[in-house]
Number of protein chains: 2
Amino acid sequence: MKYWNKTLKSMDEYIPGEQPADLDEYIKLNTNENPFPPFESVLKALAQNLNGSLKRYPDSKAIKVREIFAEQNGLKPENVFAGNGSDEIFTLIFRGFIEKNGIAAFPYPSYSLYDTLAQSNGIKFEKINLGADLNLDLDKFLVKGYDMVIIANPNNPTGTFTEKNKIKEFIKKYKGLLVVDEAYIDFYGGSSIDLVKEFDNVIVTRSFSKSYSLAGLRVGLAIADEEIIKGLFKLKDSYNVDALALAGASAALLDTKSFNYNIGMLRSNKEYLEERLSGLGFEIVPSKANFIFTRHPKITPGDLYEKLKKQKILVRYFRGPIQSDYVRISIGTMMEIKKTCTVIETILGEV
Amino acid sequence: MKYWNKTLKSMDEYIPGEQPADLDEYIKLNTNENPFPPFESVLKALAQNLNGSLKRYPDSKAIKVREIFAEQNGLKPENVFAGNGSDEIFTLIFRGFIEKNGIAAFPYPSYSLYDTLAQSNGIKFEKINLGADLNLDLDKFLVKGYDMVIIANPNNPTGTFTEKNKIKEFIKKYKGLLVVDEAYIDFYGGSSIDLVKEFDNVIVTRSFSKSYSLAGLRVGLAIADEEIIKGLFKLKDSYNVDALALAGASAALLDTKSFNYNIGMLRSNKEYLEERLSGLGFEIVPSKANFIFTRHPKITPGDLYEKLKKQKILVRYFRGPIQSDYVRISIGTMMEIKKTCTVIETILGEV
């Protein structure tokens, strides 16, 4: 580590959900990917872009996808930015919108990448526990004058949701920069995007990895005041989103029919899973995302995770206070969910 | 700019080569893209990956492309890292391998993105002029104890090349971190990759945008000592290169036949361009890249650029000392080059 700087030496590594080499043999319910394939219209758009034009650099301004999203959401393209997944957008936010001596704050438990990115950019942060019901109490973020607050809404890994009016009450009182990570918002709605029209200190982020089944392509959006978007453009690499990802994201936004159909299926699969697991005695945290956070009085979450993995079913088990009391299960296809429920039933019968 | 931090406020924006909206009407010789389409084998591999698997996150370790490159170059996969274009790799290098009070150094003129990235990460840097013949004198980088030196080899925009043994002599004496940007090395060979096997303070970067005609897909590689590669992995976003880009890059590396064929065509187009322009009285800097840096006693470079643009031919004209004495012309297809030469001939006849 002779050439590592202090920041790199001191940061913790972010560990993404496991992807075993023999992945295809698993039911994979551990990284909140969408169980349905990308829309036919998206695959078609991608196929149409598989040609000589790939020799050219992609559109560094991502104009098409920004125009479509802006049009659909009553915004200007100047309010929209495209990143190499929302992960890149968070990195840019830490690099450009908080001073090195600033302090950020995130709820706990939440998406642990925020911690990693803050560390990797030498930014101090504090974490504020969710309430006993795993809901977010935004007032707690007003006590100290944090320079930046990032919340995931719905929150990951809990699935809990904060109403827009509560976020609006908060932003009226909060003078720093608020980032609302809406990676999971599409499944049940309730976006805070409109707040961008009223407040210049809100950044909403979106992802194509979940509701659009495009985790493989890496596209995320940031929606914010023009000045923030200009800053993101200044900071980003010239060609941060590739040509196929841009084409796929544009096509995905336009296919509202497939979108609605997939969201509908996902919701009904979630209801089925919740019902069966409730019937088996699981406590399920109310979720507005494509996953549930759940626990059972008869088996520890670590045990359940291990036993499911032995049966080639991957769910997510996080270490650390509060979150280690639960497992997180992504919503799969009906076949995957039924199989999972049956395996869980057997496991419970044996403990 | 209320929410911009000091770094963002003070940095200059990197301006990539222009991409006019009516691009297809232009002969585009301004951003060093490859004039030939991606290999058939690459388009086929991409088509094979247009399926449901795009709903999954890509391989965060980029194992396949790293294994192939390592195997082809007598390295271990642990010496190879894949980034979202080599641009991302430079960003990560600035973030992880130089302290905030360190000083970097680059030749001038060279790839101006180094300046932008240093600024955007709050790193001070100095620039050391190339010699009168536009060649690099590495000894000048030994006078001060720079923490990091980045050179492009061949250099951009000059096309000038530094022999590996000169770089080796330098690295024997230099104690900081040396980054050798080999985005253009494939066209004439002479890589410094082998130095990675001997020295733990060399990072060589590669791009798929030029020699592999994949600028649209965004893949770059870093080759370095294992400890450096580990640091890059720790710092990068989990899924920094998308699934199609990974598939395309792997297929590109394996198709050495198409690679050699395209390189051969490009070289002979370059010879043709050099011969015709020499015949017209142009002074051409000896180039080992897929572009030439050239000037003519009868017309200023700014004038030539403007007049070519009016004829729908884009070449690159840089402002700033030394480099504003020349235009940079990327090597196009034979048809593009012939047309360009004819237009230049007419322009020269009119001045």
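Residues numbered from 1 in each chain as written. Chains lettered and ligands numbered in written order. Predicted model: local features only at pLDDT ≥ 70, side-chain atom pairs only at ≥ 80, totals over all residues. Heavy atoms only, no water.

### A word on the nonpolar core
Then, number 1: Counting residues in hydrophobic clusters, the biggest one holds 171 residues, and the most contacted among them are Val149, Leu178, Phe208 and Leu277 of chain A together with Val149, Leu178 and Phe208 of chain B.
Then, number 2: Leaving out residues up to four positions away in the same chain, Leu178 of chain B has contacts with Val149, Ile151, Ile167, Phe170, Ile171, Asn201, Val202 and Ile203 of chain B. (Core = buried A, V, L, I, M, F, W, Y, C linked by side-chain atoms within 4.5 Å. Buried < 20%, exposed > 50% of the residue type's maximum accessible area, 1.4 Å probe, protein only. Contact = heavy atoms within 4.5 Å.)

### Notes on the pattern of salt bridges
Oppositely charged side chains may form a pair once their charged atoms are brought near each other.
Then, number 1: This model, assessed by the stated rule, comprises 38 salt bridges over all chains.
Then, number 2: Where Asp186 of chain B meets Arg206 of chain B, a salt bridge forms, and the shortest distance between an N and an O atom there is 3.8 Å. Here Asp186 of chain B is found in the loop between β6 (177-181) and α7 (195-198), whereas its partner Arg206 of chain B is found in strand β7 (residues 202-207), with 20 residues between them in sequence.
Then, number 3: We classify Asp186 of chain B as buried; its relative accessible area is 19%.
Then, number 4: On the basis of relative accessibility, which here comes to 10%, the residue Arg206 of chain B falls in the buried class.
Then, number 5: Through salt bridges with shared partners, a single network forms among Asp22, Glu25 and Lys312 of chain A. (Salt bridge = Lys/Arg side-chain N within 4 Å of Asp/Glu carboxyl O. Helix = DSSP H or I, 4+ residues; strand = E, 2+ residues; numbered from the N terminus.)

### Considering the relation of the copies chain B and chain A
Then, number 1: With an RMSD of 0.0 Å, chain B superimposes on chain A once it is rotated by 180° and translated 0.0 Å along the axis. Expressed as a symmetry operation, the mapping of one chain copy onto the other fits a two-fold axis. Relative to the rotation axis, the closest C-alpha in chain B is found at Ala47 of chain B, a distance of 3.4 Å. (Least-squares fit on C-alpha atoms with pLDDT ≥ 70 in both.)

### Details of the packing of helix α3 (residues 63-72) of chain B against helix α9 (residues 243-254) of chain B
Residue and element names in this part refer to chain B.
Then, number 1: Orientation of α3 relative to α9, taken along the N-to-C sense of each, is 20°, at an axis distance of 9 Å. Relative to α9, α3 is oriented roughly parallel. Taken as a pair, α3 and α9 cross one another with a handedness that is left-handed. Where α3 approaches α9, its residues Lys64, Val65, Ile68, Phe69 and Gln72 are matched on the opposing element by Leu246, Ala249, Ser250, Leu253 and Leu254.
Then, number 2: Its residues placed into classes, the contact of α3 with α9 shows seven nonpolar, two polar and one charged. (Axes fitted to C-alpha atoms, helices over the stretch in contact; angles between N-to-C directions. Parallel < 35°, antiparallel > 145°, perpendicular 65-115°, else oblique. Left-handed = near helix turned anticlockwise from the far one by under 90°. Nonpolar A, V, L, I, M, F, W, Y, C, P; charged D, E, K, R; others polar.)

### Some remarks on the interface of chain B and chain A
Then, number 1: Counting residues at the interface gives 78 residues for chain B and 78 residues for chain A.
Then, number 2: Both sides of the chain B and chain A interface together cover about 6600 Å² of buried area, and 52% of this is carbon and sulfur.
Then, number 3: The largest share of the area that chain B buries against chain A comes from Tyr3, Tyr57 and Lys234 of chain B, three residues that together contribute 13% of it.
Then, number 4: At the surface where chain B touches chain A, the tally comes to four salt bridges.
Then, number 5: Here Asp200 of chain A ties to Lys2 of chain B by a salt bridge, and the two come within 3.7 Å at their closest N and O atoms. (Buried area = accessible area lost by both parts, 1.4 Å probe.)

### Some details on the side chain of Thr116 of chain B
All names here are of chain B.
Then, number 1: For Thr116, the location among the structural elements is in helix α5 (residues 113-120).
Then, number 2: Under the relative-accessibility criterion, Thr116 is labelled buried at 7%.
Then, number 3: Sequence-distant contacts of Thr116, that is, excluding residues within four places in its chain, are made with Met11, Asp12, Glu13 and Tyr14.

### Describing the pairing of strand β8 (residues 220-224) of chain B
Residue and element names in this part refer to chain B.
Then, number 1: The buried fraction of β8 is high, at five of five residues.
Then, number 2: Of the two faces of β8, the one holding Gly220, Ala222 and Ala224 and the one holding Leu221 and Ile223 are both buried throughout.
Then, number 3: Here strand β2 (residues 80-83) runs beside β8; their pairing, made up of four bridges, is antiparallel. Directly across from Phe81, in β8, lies its bridge partner Ala222.
Then, number 4: In this structure, β7 lies alongside β8, joined through five bridges in antiparallel fashion. Directly across from Ser207, in β8, lies its bridge partner Gly220. (Pairing = 2+ DSSP bridges.)

### Comments concerning the packing of aromatic side chains
Then, number 1: All told, the structure shown has 29 aromatic pairs over all chains when counted by the stated rule.
Then, number 2: Centre to centre, the rings of Phe106 of chain A and Tyr114 of chain A are 5.7 Å apart; their planes meet at 55°, and the pair counts as tilted. Both residues of the pair, Phe106 of chain A and Tyr114 of chain A, count as buried.
Then, number 3: Geometrically, the ring pair formed by Tyr184 of chain B and Phe291 of chain B is edge-to-face, given 5.0 Å between the ring centres and 85° between the ring planes. Of this pair, Tyr184 of chain B sits in the loop between β6 and α7 while Phe291 of chain B sits in strand β10 (residues 291-295), and the two are 107 residues apart along the sequence.
Then, number 4: For Tyr184 of chain B, a relative accessible area of 5% puts it in the buried group.
Then, number 5: The class of Phe291 of chain B is buried, set by a relative accessible area of 0%.
Then, number 6: An aromatic cluster of three or more residues is present, and its members are Tyr14, Phe90, Phe94, Phe106, Tyr111, Tyr114 and Phe125 of chain A. (Phe/Tyr/Trp six-rings, centres within 6.5 Å; stacked < 30°, edge-to-face > 60°.)

### Observations regarding α9 of chain B
All names here are of chain B.
Then, number 1: Between its terminal C-alpha atoms α9 stretches 17 Å, which fits the 16 Å expected from twelve residues at 1.5 Å a residue.
Then, number 2: Taken across its twelve residues, α9 has ten buried, putting it largely inside the fold.
Then, number 3: The N-cap residue of α9 is Asp242: its side-chain oxygen and the backbone nitrogen of Leu244 are 3.1 Å apart. (Expected span 1.5 Å × (residues − 1). Polar contact = N/O pair within 3.5 Å; in protein donor to acceptor, adjacent residues only side chain to side chain.)

### Points about empty space enclosed by the protein
Then, number 1: Tallying each qualifying case throughout the model produces seven cavities of 30 Å³ or more.
Then, number 2: Here the largest cavity is characterised by a volume of approximately 340 Å³.
Then, number 3: Taken together, 29 residues line the largest cavity, and the ones lying closest to its centre are Tyr14, Tyr111, Tyr184 and Lys210 of chain A together with Tyr57 of chain B.
Then, number 4: It is helix α4 (residues 85-96) of chain A that contributes the most residues to the lining of the largest cavity, four residues altogether.
Then, number 5: Taken together, the residues that form the lining of the largest cavity break down as twelve nonpolar, eleven polar and six charged.
Then, number 6: Empty space within the second largest cavity amounts to approximately 200 Å³.
Then, number 7: Along its surface, the second largest cavity is lined by 16 residues, and Glu88, Thr91 and Asp237 of chain A together with Glu88 and Asp237 of chain B are the ones closest to its centre.
Then, number 8: Breaking the lining of the second largest cavity down by element, the ones donating at least two residues are α4 of chain A together with α4 (85-96) of chain B. (1 Å grid on protein atoms, 1.4 Å probe; cavity = no way out; pocket = protein on both sides within 12 Å on 5 of 7 lines; lining within 4 Å. Points joined across faces, edges and corners; volume = space filled by probe spheres on them.)

### Overview of the layout of surface pockets
Residues and elements named next belong to chain B.
Then, number 1: As a volume, the largest pocket reaches approximately 1200 Å³.
Then, number 2: Elements with a minimum of two residues in the lining of the largest pocket: α3, α8 (226-235) and α9.
Then, number 3: Split into classes, the residues belonging to the lining of the largest pocket amount to 21 nonpolar, eight polar and 14 charged.

### Examining the side chain of Thr294 of chain A
All names here are of chain A.
Then, number 1: Along the chain, the position of Thr294 falls in strand β10 (residues 291-295).
Then, number 2: Reaching out from Thr294, the side chain makes a polar contact with the backbone oxygen of Glu283 at a distance of 2.8 Å.
Then, number 3: When neighbours within four sequence positions are excluded, Thr294 is seen to be in contact with Phe282, Glu283, Ile284, Tyr326, Val327 and Ile329.

### Some details on the sheet that holds strand β4 (residues 124-129) of chain A
All names here are of chain A.
Then, number 1: Read from one edge to the other, the open sheet built from seven strands follows the order β2-β8-β7-β6-β5-β3-β4, with strand pairing classed as mixed. Pairing within the sheet leaves two strands with one partner each, and these edge strands are β2 (80-83) and β4. With direction set aside, neighbouring strand axes in the sheet form an average angle of 20°.
Then, number 2: Packing against the sheet, helix α6 (residues 164-173) makes contact with β5 (148-152), β6 (177-181) and β7 (202-207), and its axis sits at approximately 160° to β6.
Then, number 3: The strands touched by helix α8 (residues 226-235) are β2, β6, β7 and β8 (220-223); relative to β2, the strand with the most contacts, the crossing angle is about 30°.

### Points about the confidence of the model for chain A
Then, number 1: Looking at chain A as a whole, its pLDDT mean stands at 96, while 100% of the residues score no less than 70.
Then, number 2: Listed scores for the predicted complex are pTM 0.96 and ipTM 0.95. (pLDDT = per-residue confidence, 0-100.)

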